[in-house]
Amino acid sequence: IRDSFGPARPCGHDWCSFVIFIILDMTLLRKTTQFVLPVEKPETGVNQYDIYPAHDLGEEKIFCDYMSLARRIAGSKRVIIDGYVGVRFDIFSRELNKALETLGIRPVWWNAGAAMKEPAEIDRLIEPYLGGDDPIFGFRTPLRLEEFFDREKLDRIRPDDAAQMNILIGIGASLAGWDGLLLYIDIPKNEIQFRSRAGSITNLGAAAADAPKKMYKRFYFVDWVVLNRHKKALLPEIDVMIDGQRETEITWTEGADLRRGLDRLAGNGFRVRPWFEPGAWGGQWIRNHIEALPHDVPNYAWSFELIVPENGLIFRSSGRMLEVSFDTVMFQAGERVVGKECYGLYGDEFPIRMDYLDNFDGGNLSIQCHPQREYIRKNFGEVLTQEETYYILDTTPDSVVYLGFKEDIVPEKFEQALTESFEKGTELDVNKYVNAEPSAKHDLFLMPPGTLHSSGRNNLVLEISTTPYIFTFKMYDWLALDLDGKPRPLNIRRAMENLCFDRKGETVKRELIAHPELLEKGADWELWHLPTHRNHSYDVHRYKLNTSVEVQTEGKCHVLNLVEGESARIETAGGDSFPISYAETFVVSAGAGSYRIVNTSGREIMVVKAFMK
């Protein structure tokens, strides 16, 4: 500070105080060590895991800074700026106003938030969907964004025809019915969480920030559901899409160019932007193998490879990057992405997820299960449940996966032991009740709904599942504390309502461990079936190849992961080509029709493929 502005002066308004204020303001916007998406894509080393996978939008299609946006809207009398929860509209309007004034334009600004219902009224509106005192679970709301607004107040927001420019800004701005240029500010959901942890944003219509976990529950069951419906309705009409995750360094593109880019992904394929989180049981494999990540965290427990309600899609043009939420491609062309049959069943809900669970040199995952289909629909409003499998990407010789029960399990005694452990804070004799299976590289363990399971330490698990991802009923957490120093919530009662106690002993070995079967082979490739459980709605194949193999999508999307080898290339019938490196996840859209997996490793590779049955 002194080097930049000279010695501090004893005045209350000195430069030193001003600079400190700015630094604190920037620090408190987000609480994380994860990097903000850079404007320009950094170079990735050969065969290195790419944390910023980007899809080409064509030359000069993405623009950077507020001045370029000001020039884009300069001729418009009326501008509507809508957007997502978590966007700092105050920062955005301040910066855009500076740019407009530089051009000699002095707009009249109108705030859509002024027409929202009072926070107390909104609290009453959403209360039925927040699950009461439950710290994790609520019910997906059927509410629409219009219900958060006072219609009379909205109708009173009318542009000043004498003004040089009128700008109406805020969530729901388009509901006022203005005829004008429509801008939309999107923001990735991981950034929303980073900001909520810093207390720099609020939930939709809330008076103030709350504890991060309470805010997340409201995001998941209310805000994101409501605003996704709104975004889908607006998408065909958006004139300019803005990436709002960088508060003072925006990127933007024309809505028509974005829609063309999304259509191209739906006819070929894509890789979403992964994001990474530390956790109570987290390990060191991800830290040691993905060089581009920050290392000032104790561990990485998760890599969210393809948890599509939270991932984003990055587009690139002339070196610049812009990110939109994954669901944008589903809103634009969901049927082409997942196929007609799947879209008819699940609509905009992309059905398959992949993520990594890393507890190398970490701890055991909680003893847990997931809800049955009818249970999750009735209690939480989800159309899919968590039907998991554990693909072992890496492990150590002494590692195990906890799966199912011992042959002599007595449900009542198990519940009693769980309750006593919870109430007294004592260790559970896990091996007395729970079956353990040794894990080896490329094993696939099956966890259909209601299956007790956990990953023992020193596994890197590629978790393949249907899409829901927060509905874990923990029964025992090894007395571990979360990173905030508090125990994680347990759900013993809900687990007991869903557990299948007949999954035990020899049944586990027979029905819950995949036994690979050779389906087809060519001159230098093999296709293996890793059968999933009868209660899984998806299946798993594995290709082993030396050169290349042609694959038909047969009207379904395929989710791929390179599980052996340094690199490969995916070439679609539509003419696109995508490089993938070890451990990266890639989606081939149903609309691709066919594609080729090309080995670029110089040695035999293996690619896992998941698809709906």
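Below is a summary of the structure that appears in this document. (Residues numbered from 1 in each chain as written. Predicted model: local features only at pLDDT ≥ 70, side-chain atom pairs only at ≥ 80, totals over all residues. Heavy atoms only, no water.)

**Here we look at the overall build of the protein chain**
The line we're drawing: Numbering of helices and strands runs from the N terminus, with a helix taken as a DSSP run of H or I at least four residues long and a strand as a DSSP run of E at least two residues long. Computation of the radius of gyration draws on C-alpha atoms alone. For the globule rule, the value is 2.2 Å times the number of residues to the power 0.38. Type-normalised accessible area, obtained with a 1.4 Å probe on protein chains alone, sets the label of each residue: buried when under 20%, exposed when over 50%, and partly exposed for intermediate values. Whether two residues are in contact is decided by their heavy atoms: any pair within 4.5 Å suffices. Residue-level accessible areas treat just the shown protein chains as cover; the underlying method is Shrake-Rupley with a 1.4 Å probe. Here Asp and Glu are counted as negative and Lys and Arg as positive; His is not counted, and neither are the chain ends. Charge placement uses NZ in Lys and CZ in Arg. For Asp and Glu, CG and CD serve respectively.
Per the secondary structure count, the protein chain includes 17 helices and 32 strands. A compact globule built from 613 residues should have a C-alpha radius of gyration of about 25 Å, and the protein chain, at 25 Å, falls within 12% of that. Its C-alpha atoms give the protein chain principal-axis dimensions of roughly 80 × 60 × 55 Å. Counting all 613 residues of the protein chain, 58% fall into the buried class. Relative to all contacts within the protein chain whose residues are 6 or more apart in sequence, the contacts with residues 24 or more apart total 78%. With the model as given, the accessible surface of the protein chain reaches about 24800 Å², and the carbon-plus-sulfur share is 50%. Charged side chains of the protein chain number 72 positive and 91 negative; the gap between the two group centres comes to 2 Å.

**Comments concerning the sheet that holds strand 1 (residues 54-56)**
Just so we agree on the cut-off: Strand pairing requires that DSSP identify at least two bridges connecting the strands. The axes used here are C-alpha line fits, helices contributing only the stretch in contact, and every angle between their N-to-C directions lies in the interval 0 to 180 degrees.
Taking strand neighbours across the sheet as the criterion, the three strands line up as 1-12-13 in an open arrangement whose pairing is mixed. On the outer flanks of this sheet lie strand 1 and strand 13 (320-325), each paired with one strand and no other. Between one strand and the next, the sheet's axes are offset by a mean angle of 35°, whatever the strand orientation. By the bridge criterion, three bridges tie strand 1 to strand 12 (residues 312-317) in an arrangement that is parallel. Bridging across to strand 12, D56 finds its partner in R316. Along the sheet, helix 9 (residues 255-266) makes contact with strand 1, strand 12 and strand 13, crossing strand 12 at roughly 115°.

**Here we look at the environment of R488**
Among the structural elements, R488 can be located in the loop between strand 22 (473-476) and helix 16 (492-498). Classification of R488 as buried rests on a relative accessible area of 12%. Separated by 205 residues in sequence, R488 and G283 place their C-alpha atoms 18 Å apart. If we ignore the near neighbours within four places in the chain, the residues touching R488 are W281, S366, K474, D477 and D482.

**Points about the nonpolar core**
One broad trend across soluble globular proteins is that nonpolar side chains are buried collectively. The criterion, for reference: Here the nonpolar core consists of buried residues drawn from Ala, Val, Leu, Ile, Met, Phe, Trp, Tyr and Cys, with membership extended through side-chain atoms lying within 4.5 Å.
Counting 173 residues, the largest nonpolar core has L69, F92, F148, F350 and F414 as the members making the most contacts within it. By residue number, the principal contributor to this core is helix 8 (residues 212-234), which donates ten residues. Beyond its immediate stretch of four places on either side in the chain, F92 contacts Y66, L69, I81, I169, I185, I242 and I250. Within the second largest apolar cluster, 19 residues are counted, among which are L527, F578, F586 and V588.

**Comments concerning the environment of T253**
Mapped onto the elements of the fold, T253 is located in strand 8 (residues 251-254). Using a relative accessible area of 0% as the deciding quantity, one classes T253 as buried. Sequence-wise, T253 and E60 are 193 residues apart; in three dimensions their C-alpha atoms are separated by 9.3 Å. Residues within four places of T253 in sequence aside, it is in contact with L57, K61, I62, D239, V240, M241, L258 and L322.

**A few points about the side chain of T451**
The condition that has to hold: Two N or O atoms count as a polar contact when they lie within 3.5 Å, although within protein this holds only if one can serve as hydrogen donor and the other as acceptor, and sequence-adjacent residues are included solely when both atoms are side-chain atoms.
One can find T451 in the loop between strand 19 (444-447) and strand 20 (453-455). Residue classification places T451 among the buried residues on the basis of a relative accessible area of 1%. Reaching out from T451, the side chain makes a polar contact with the side chain of R503 at a distance of 2.7 Å.

**As for unusual backbone geometry**
Notably, N47 is not glycine yet its phi reads approximately 60°, a positive angle. Here N47 shows up in the loop between helix 2 (15-27) and strand 1. Classification of N47 by relative accessible area gives partly exposed; the value is 40%.

**Here's the deal with the layout of surface pockets**
Which parts of space are left empty comes out when a probe the size of a water molecule is rolled across the atoms. The criterion, for reference: In the cavity and pocket records, a cavity denotes points on a 1 Å grid over the protein atoms alone where a 1.4 Å probe fits but cannot get out, a pocket denotes an open set with protein on both sides within 12 Å along at least 5 of 7 lines, and lining residues are residues with an atom within 4 Å of a point. Grid points are joined across faces, edges and corners, and a volume is the space filled by probe spheres set on the points. Each residue receives one of three labels: charged for Asp, Glu, Lys and Arg, nonpolar for Ala, Val, Leu, Ile, Met, Phe, Trp, Tyr, Cys and Pro, and polar for the others, Gly being one of them.
Of the volumes computed, that of the largest pocket is approximately 1700 Å³. Lining the largest pocket we find 50 residues, and of these R197, K213, E277, W302 and D482 sit closest to its centre. When contributions to the lining of the largest pocket are tallied by element, the ones reaching two or more residues are helix 7 (189-198), helix 8, strand 10 (275-277), strand 11 (302-306) and strand 14 (352-358). Partitioned by chemical class, the residues of the lining of the largest pocket number 22 nonpolar, eleven polar and 17 charged.

**Quick word on the sheet that holds strand 23 (residues 517-521)**
Taken together, the seven strands give an open sheet; going across it, the order is 9-30-27-32-25-24-23, and neighbouring strands pair in antiparallel fashion. The open sheet terminates on both sides in strands that have one partner only, identified here as strand 9 (269-270) and strand 23. Two strands pair when backbone bridges link them, and strand 23 and strand 24 (residues 525-530) are joined in this way by four bridges, in the antiparallel orientation. The partner of E520 across the bridge, within strand 24, is L527.

**Quick notes on helix 7**
At 3.6 residues per turn, the α-helix brings residues three or four places apart onto the same side. Within helix 7, eight of the ten residues are buried, which leaves the element mostly enclosed by the surrounding structure. Among the residues of helix 7, K189, N190, E191, I192, Q193, F194, R195 and S196 are the ones counted as buried. Tucked into the core, helix 7 has its buried residues touching helix 8, strand 10, strand 13 and helix 11 (327-338). Following helix 7 by one or two positions, G199 adopts a phi angle in the positive range, close to 70°.

**As for the pairing of strand 6 (residues 181-186)**
Burial analysis of strand 6 places six of its six residues in the buried class, the great majority of the element. Burial of the side chains of strand 6 extends over both faces: L181, L183 and I185 are buried on one face and L182, Y184 and D186 on the other. Relative to strand 6, strand 3 (residues 78-83) runs parallel, the two being bridged by five bridges. Along strand 6, the bridge assignment pairs I81 with L183.

**Looking at the state of the cysteines**
How we decide: Here, the term disulfide refers to a pair of cysteine sulfur atoms separated by no more than 2.5 Å.
In the structure shown here, the tally under the stated rule is zero disulfides. Counting only cysteine sulfurs, C557 is the nearest neighbor of C342, a cysteine outside any disulfide, at a range of 6.3 Å. Look at C342 and you get buried, because its relative accessible area is 9%.

**Observations concerning empty space enclosed by the protein**
Tallying each qualifying case throughout the model produces two cavities of 30 Å³ or more. Computed from the structure, the largest cavity encloses a volume of approximately 90 Å³. Residue lining of the largest cavity: Q34, F35, I51, Y52, N190, F194, R273, P274, W275, F276, L293 and P294, and that is the complete set. Of all the secondary structure elements, the ones that give two or more residues to the lining of the largest cavity are helix 7 and strand 10. Its residues assigned to classes, the lining of the largest cavity comprises nine nonpolar, two polar and one charged.

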